[in-house]
Amino acid sequence: MLPDEHLVQIVALREGFGHHNDDGTITDALVRLAVDVLELDAADVTAGRRVLSTSCDWAPVTVSGIEHALVTRAVPWCAATASRAAIVDRWVRGLPWHVPDQTRPEAADIAARWGFHKHARDLGPVA
């Protein structure tokens, strides 16, 4: 949780798959971790709007496989998106072709609301 920024980062097991055997066992199981960044609503801390999201590569369903995905992908991504400034910079770096995580108008609105007015102009709607 990033209380000064009113943001929370959530790492979760999002989806998985494997081969189901006739005896009920599952082999070659893989899981995908996801990381979401939510902006907390000041009036209702249980509600939040997702402003960023990423999925990690498939990892084996083992302690070492999940640990590897956390250490190499999820934790560094959380560190790189730990502030509003870092999030807006991420969006601007995606220009001119795409803005990750949001449509350009949505990103521009969020950047302006957060006080990043120059970035909001850079992200503004595409004509």
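Before going further, it helps to spend a moment on unusual backbone geometry. Of note in this structure, H6 is not a glycine but carries a positive phi near 55°. Exposure remark for H6: the relative accessible area of 43% places this residue in the partly exposed category. Within the chain, D28 stands out as a residue other than glycine whose phi angle is a positive 55°. Under the relative-accessibility criterion, D28 is labelled exposed at 57%.

Under the definition given, this model contains 2 aromatic pairs. Judged by centre distance (4.9 Å) and plane angle (80°), the rings of F17 and W58 are edge-to-face. Linking F17 in strand β1 (residues 7-20) with W58 in the loop between β3 (48-55) and β4 (59-60), this pair joins segments that are 41 residues apart in sequence. Overall, the relative accessible area of 34% leaves W58 in the partly exposed class. Both rings, one in W91 and one in W114, keep their centres 6.2 Å apart while their planes meet at 15°; by these two values the pair is stacked. Pair noted here: W91 is in helix α2 (residues 84-93) and W114 is in the loop between α3 (104-113) and α4 (117-123), with a separation of 23 residues, a long-range link. For W91, a relative accessible area of 0% gives the class buried. Assessed through its relative accessible area of 10%, W114 is described here as buried.

Take α3 next. For an α-helix, 3.6 residues make a turn, and residues three or four places apart therefore share a direction. Along α3, the positions that sit buried rather than exposed are A107, A108, I110 and A111. Along the long axis of α3, the arc covered by the buried residues comes to 165°, so they all point the same way. Looking at the buried residues of α3, the elements they touch are β3, α2 and α4. Just downstream of α3, G115 is the residue with a positive phi angle, here 95°.

With respect to the secondary-structure elements, R32 resides in strand β2 (residues 26-40). Setting aside anything within four residues of it in sequence, one finds R32 in contact with A12, L13, R14, E15, S55, C56 and W58.

Enumeration over the complete set of coordinates arrives at 0 disulfides. Left without a disulfide partner, C56 is nearest to the cysteine sulfur of C78, which lies 8.6 Å away. Residue class for C56 comes out buried when judged on its relative accessible area of 1%.

A few words on the pattern of salt bridges. All told, the structure shown has 7 salt bridges when counted by the stated rule. Between E39 and R113 there is a salt bridge; the shortest N-O distance is 2.8 Å. You can see E39 sitting in strand β2 and its partner R113 sitting in helix α3, a full 74 residues away along the chain. The class of R113 is partly exposed, set by a relative accessible area of 46%. A cluster of three or more residues bridged by salt bridges with shared partners is formed by E5, E39, R84 and R113.

Calculation notes
- Residues numbered from 1 in each chain as written.
- Predicted model: local features only at pLDDT ≥ 70, side-chain atom pairs only at ≥ 80, totals over all residues.
- Heavy atoms only, no water.
- Buried < 20%, exposed > 50% of the residue type's maximum accessible area, 1.4 Å probe, protein only.
- Phe/Tyr/Trp six-rings, centres within 6.5 Å; stacked < 30°, edge-to-face > 60°.
- Helix = DSSP H or I, 4+ residues; strand = E, 2+ residues; numbered from the N terminus.
- Arc of directions from axis to C-beta.
- Contact = heavy atoms within 4.5 Å.
- Disulfide = S-S within 2.5 Å.
- Salt bridge = Lys/Arg side-chain N within 4 Å of Asp/Glu carboxyl O.

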